[in-house]
Amino acid sequence: MDDRKTIIIVDDSIANLKIGKNALMSLYNVFTVLSAKKMFELLERNKPALILLDVDMPDMDGYEAIKLLKENPDTLKIPVIFLTGKNEIEDEMKGLTLGAIDYISKPFSPFILRKRVEMHILVNSQQRVLEEQRKELQKFNNNLQNLVAEKTKTVVELQNAVLRTMSDIVDRRDDVTGSHIERVQAYLKILVDGLMERKLYEDITKDWDVDLLLLSSQLHDIGKIGISDSVLQKKDALNEEEFEIMKRHTTIGVEVIKKIEARSSACDFLEYAAVFAGTHHERWDGSGYPKGLSGENIPLLGRLLAIADVYDAITSKRPYKKALTHDKAVKLIAAGKGTHFAPDLVDLFEEVVDKFAAVQNEFVVAFALSGGGGGLP
Ligand SMILES: [Fe+2]
Ligand SMILES: [Fe+2]
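Residues numbered from 1 in each chain as written. Chains lettered and ligands numbered in written order. Predicted model: local features only at pLDDT ≥ 70, side-chain atom pairs only at ≥ 80, totals over all residues.

K.L.:
Is there a simple way to think about the domain arrangement of the protein in this case?
P.N.:
Quoted interface sizes are often the accessible area lost when the parts come together. As far as domains go, the protein holds domain 1 (6-132) and domain 2 (174-369). Of note, the centres of domain 1 and domain 2, computed from C-alpha atoms alone, are 77 Å apart. (Domains from an automatic or database assignment.)

And the structure:
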């Protein structure tokens with residue numbers, strides 16, 4: 001069988017079929033049929049590259065036939081040219097509206113017929129190539145997207161593992177603080193959610209990756225790995241000199257995080273962690289450490305974490321102090337409004353204190369159930 005393309009000519013006039021066939025048979029396999037019904041029978045066995053369709057035919061006319069062709073997914077894409085004696089512009093428009101790609105009036109020149117058919121077959125095959133390429137590209141894109149999603153998942157898992165492990169290191173050494181890291185993260189979440197719900201600082205929060213930010217807060221005390229056991233695990237309150245040493249956990253934390261960041265561009269996610277580590281002990285009035293930043297010079301993340309961190313310190317038992325109640329913590333934080341803490345964030349804190357109490361209570365219960373005793377209030 002040759003690889004020439006097939007064309008079906010449908011016309012109720014044998015003379016017209018002959019003229020058409022003679023014009024095209026040197027280039028194509030030409031099937032001629034005398035009715036639309038015969039065409040549909042033929043289509044069950046042959047898939048032509050193009051159909052030349054007469055309009056006026058008994059039983060089923062060309063308009064009816066093209067409607068059926070376009071309704072069937074198998075024949076929908078076969079290009080149809082109307083070949084007809086109807087010359088009115090309305091006829092032509094109707095044919096084209098129904099999905100014909102061209103309209104050739106009878107009588108036609110065999111040369112013109114051949115050229116138009118050739119052109120349409122060429123255009124159609126190019127369209128199909130483009131369509132195939134588009135599908136391939138779509139497939140490629142989908143694969144690429146899946147690959148990126150998979151890689152992203154791996155990177156996020158790795159990030160979480162790194163964060164978790166680093167914060168575990170601190171928790172293990174600084175066992176006096178118990179689940180301090182986890183609780184602070186929970187309190188910070190309450191504040192961040194409150195901020196978002198109230199649309200406060202939208203210009204800053206719009207760029208936040210909140211999940212990553214909360215995970216990163218676990219590293220706020222990572223600098224404690226650089227503080228000696230004698231200070232870190234001291235059973236009494238720290239003296240002035242020891243307190244100066246303890247203060248260094250902020251700058252050591254930033255250094256540790258920056259070192260990791262410098263070693264791999266994949267560690268950009270530690271950016272939040274460095275801000276938390278370096279600024280969570282700054283105070284609104286400038287009396288904090290390590291830099292003595294004040295007001296809005298303290299990054300918003302540091303201002304938020306200060307409240308979460310201090311609330312937990314107050315409500316937790318430490319070797320040198322008892323755990324105070326939630327109500328006492330609320331009072332102390334309110335008293336620090338404008339001196340220790342940002343005034344607007346204390347307002348926010350006061351609006352969400354019930355959520356703080358709930359989280360605090362949850363941890364107390366968990367601690368008691370784990371056999372931790374009644375150390376917490
Ligand atoms: Fe700290
Ligand atoms: Fe802390």
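K.L.:
Can you walk me through the packing of helix H13 (residues 300-315) against helix H14 (residues 326-335) in this structure?
P.N.:
At a closest axis distance of 9 Å, the pairing of H13 and H14 adopts a crossing angle of 135 degrees. When the axis of H13 is compared with that of H14, the two are oblique. The element H13 and its partner H14 pack so that their crossing is right-handed. The residues of H14 that touch H13, namely those facing Ile307, Val310, Tyr311, Ile314 and Thr315, are His326, Lys328, Ala329, Leu332 and Ile333. (Axes fitted to C-alpha atoms, helices over the stretch in contact; angles between N-to-C directions. Helix = DSSP H or I, 4+ residues; strand = E, 2+ residues; numbered from the N terminus. Parallel < 35°, antiparallel > 145°, perpendicular 65-115°, else oblique. Left-handed = near helix turned anticlockwise from the far one by under 90°. Contact = placed C-beta atoms within 7 Å.)

K.L.:
Help me out: how do you make sense of the sheet that holds strand S1 (residues 6-10) in this one?
P.N.:
What holds strands together in a sheet is hydrogen bonding between their backbones, with the strands either parallel or antiparallel. An order of S2-S1-S3-S4-S5 is seen for the five strands of this open sheet, with the pairing classed as parallel. Single-partner strands in this sheet number two, and they are strand S2 (29-33) and strand S5 (102-105). Taking the axes of each pair of neighbouring strands and ignoring which way they run, one obtains an average angle of 20 degrees across the sheet. Taken together, the four bridges between S1 and strand S3 (residues 50-53) define a ladder with parallel strand orientation. Bridge pairing in S3 links Ile7 to Leu50. Packed on one face of the sheet, helix H5 (residues 110-173) meets S1, S3, strand S4 (80-84) and S5 and runs near 175 degrees to S5. (Pairing = 2+ DSSP bridges.)

K.L.:
Got a minute to help me understand H14 in this structure?
P.N.:
Since the α-helix turns once every 3.6 residues, residues separated by three or four places project in the same direction. Within the sequence span of H14, burial applies to His326, Ala329 and Ile333. Buried residues along H14 cover an arc of 55 degrees about the axis, so they all sit on one side. Set apart from the buried face of H14 by more than 90 degrees, the exposed residues are Asp327 and Ala335. (Buried ≥ 20, exposed ≤ 12 C-beta atoms within 10 Å, placed from the backbone. Arc of directions from axis to C-beta.)

K.L.:
Explain the nonpolar core here, please?
P.N.:
Nonpolar side chains tend to gather and get buried jointly when the protein is soluble and globular. Core analysis: the largest hydrophobic core is formed by 43 residues, its most contacted members being Tyr187, Leu191, Ile257, Leu304, Ile307 and Ala308. Residue assignment for this core shows that the elements contributing at least two residues are H5, helix H6 (180-197), helix H8 (210-216), helix H11 (249-263), helix H12 (271-279), H13, H14 and helix H15 (343-351). No other element matches H6, which puts nine residues into this core. Discounting residues that sit within four places of it in the chain, Leu191 has contacts with Leu304, Ile307, Ala308, Leu348, Phe349 and Val352. Judged by nonpolar contacts, the second largest core, of 29 residues, contains Ile9, Ala36, Tyr103 and Leu113. (Core = buried A, V, L, I, M, F, W, Y, C linked by C-beta atoms within 7 Å.)

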